[in-house]
Amino acid sequence: MEPLIGMGVLALMGAAATIAGASEDLESDVGSQSNPNSQVQLAPQMMYPHRIFNKAISGEPPSNALIAAVGGASASVLMSAYSMSVVFAIAVGALIAAGIHGTYATTAYLGRSASQKRFRQPIYLDMVRSHVPVMMGFAYITTFCILVVSYLMTSVLAHPFPLTLLAFIWGITIGAVGSSTGDVHYGAEREFQNVEFGSGLNAANSGNIVRKAECGLRNGIDNSWFCAKFGGPLTGLAFGMVVFLSGWITTIFDPSMGANIGWLAIVAGLAIILILVLGNRRLEVFARKQYGPYKEDEEVTA
Amino acid sequence: MIDIAGVLAANFLYVILITLGGVLVSGSVHFVPVGGAPAAMAQATGIGTGTVQLAAGAGLTGLVTAGAMLNVTDSIALILAAGMVGAMIMIGVTMMVGNLVYVYGVGVPPASAKVDYDPITKDRQDIYVSQGTEGHGLPTVSFVSGIIGGGLGGIGGALVYYSLMSIANGMASADFIGLAAIFAVGIFFVNAVIPSYNIGGTIEGFHDPKFKKWPKAVVTSLIVTFMCAIVSVITIGGL
């Protein structure tokens, strides 16, 4: 393949992956999926009933793998059995996936909230009406972008894995990335704005989540509004970087041209990893200088 | 009728290699610094997600790169290296961006509560741990440990996939690649789950006391993956 075409396709994949990452994180913020959900689930038991959507079923990676695989399988069938155009097949596949996501978001919210009746946690039916379409919308964008990435990999970059399997794998990966990065912003920052910024979150504060928004009672859509400014874009950046960098090394140094060039791709990958380690170290030193120690050095003060 | 003994005898080397790949995966998970839900609340050091999910995310990214490499070359060293690098990039990027959120979003410095001094940078850790928490973020030692874990997991996953793809059979190429990749994903998940019983929610990396439990997971993985390997070799070889 022409190197320039390869780079163009890679850029498109990176852009789609960045959008997918951001929308995945915002979807999990509206629905309070994955890790921060432990606090949302715990709050009524600590006598803090709330108006935040609550739908962690099995964590972000399996949930996203499910919708991506459903979308991928649907799109594959539409393309191969009905000769549907690629764009239409991917759009319909993502629509089916969003429908399935909406179904289990509804049942999860009703089931989870009903199980907390003894803690006087209300079930807000209007939240189903307002939140589920938002989640379906974000799930649609995520699935659509993952399918675009998977389709480009199979058709243009000639990746040997089937479209559905690639969608499944990228679904797991996007969930793992979103759960590792975006969740921190929602969990430690958004849910606990009642503690001072930078103080860390004492375990004694568990369950004492902020329940009031800028206007009225806080809900999941307020949370995604907040996280859209930092947690969501950073998740997008992370997933975009994963897709782009893991493909970049073999696009620049194409291993099909010979084993030596293949080894150059590995060296380029290792160089990227070294840059990441050094970048992380700089960040660590910056944070230590900026925020300083939390307590005096006992050896000095004694 | 499948000639089970014949298929196994012809592919016994691959049974051994698949088992070795699975063992590598289960060992590698101990290196990955995971903090689960407490880490997402900045109450524990590590990445704010579960062991299995993160290991699977990294290892499967490695599988994608290894699969692309196997498509164009026969060199096993190159395929394993591609798997290693793919997984290391995924976990490195995730940890780096995660730390950005800890530092700029939550306002806490990366610190470990399991050791007083970082074994790599020799930086003091305990005074940077905020009150009532078990550390937060990813200090250098956890970052490096995570990179090593990702690399070993990627090699393991790629070894399983390469071995499965080397089994002789009568399937069409597209079916064969799909089936081998699904078996590789399955064996990867099995081996990502086993260490989570050792880890029990959180581990900071190779400096964490829980890391010493890894031989138990490796022995378990040896038995489980050997059985998985036999089933996968018979299935693929018999078709």
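Here the structure is a predicted model, which means the values were calculated and not measured.

### Side note on the overall build of chain A
No. 1: The helix and strand inventory of chain A stands at eleven helices and zero strands.
No. 2: Its helices and strands taken in sequence order, chain A reads α-α-α-α-α-α-α-α-α-α-α from the N to the C terminus.
No. 3: Looking at chain A as a whole, 53% of its 302 residues qualify as buried.
No. 4: Summarising the internal contacts of chain A: among those between residues at least 6 apart in sequence, 75% fall at separations of at least 24.
No. 5: Carbon together with sulfur atoms contributes 67% to the accessible area of chain A, which is approximately 12,500 Å² in total.

### Things to note about the side chain of S221(B)
All names here are of chain B.
No. 1: In this fold, S221 is placed in helix 8 (residues 214-238).
No. 2: A residue is classified by how much of its surface remains accessible, and S221, at 0% relative accessible area, is buried.
No. 3: Other than its neighbours up to four places away in sequence, S221 contacts G22, V23, S26, N191, I194 and F226.

### Digging into the environment of M165(B)
Residue and element names in this part refer to chain B.
No. 1: When you line up the elements, M165 lands in helix 6 (residues 140-165).
No. 2: Once the C-alpha coordinates of M165 and G149 are considered, the two residues, 16 residues apart in sequence, prove to be 24 Å apart.
No. 3: What M165 contacts, discounting residues up to four positions off in sequence, is L70, F176, I177 and A180.

### Observations regarding the UniProt feature "transmembrane region" (unreviewed entry) in chain A
Residues and elements named next belong to chain A.
No. 1: Taken from the UniProt record, the annotation "transmembrane region" (unreviewed entry) applies to residues 86-111, 132-153, 159-177, 226-249 and 261-279.
No. 2: Between the end C-alpha atoms of residues 86-111 the distance is 38 Å, and the span holds 100% helix and 0% strand.
No. 3: The span residues 159-177 is 79% helical and 0% strand by assignment, and the distance between its end C-alpha atoms comes to 22 Å.

Criteria and cut-off values
- Residues numbered from 1 in each chain as written.
- Chains lettered and ligands numbered in written order.
- Predicted model: local features only at pLDDT ≥ 70, side-chain atom pairs only at ≥ 80, totals over all residues.
- Heavy atoms only, no water.
- Helix = DSSP H or I, 4+ residues; strand = E, 2+ residues; numbered from the N terminus.
- Buried < 20%, exposed > 50% of the residue type's maximum accessible area, 1.4 Å probe, protein only.
- Contact = heavy atoms within 4.5 Å.
- Areas by Shrake-Rupley, 256 points an atom, 1.4 Å probe, with all protein chains shown as cover.
- UniProt positions renumbered as here; feature names shortened; annotations may be inferred.

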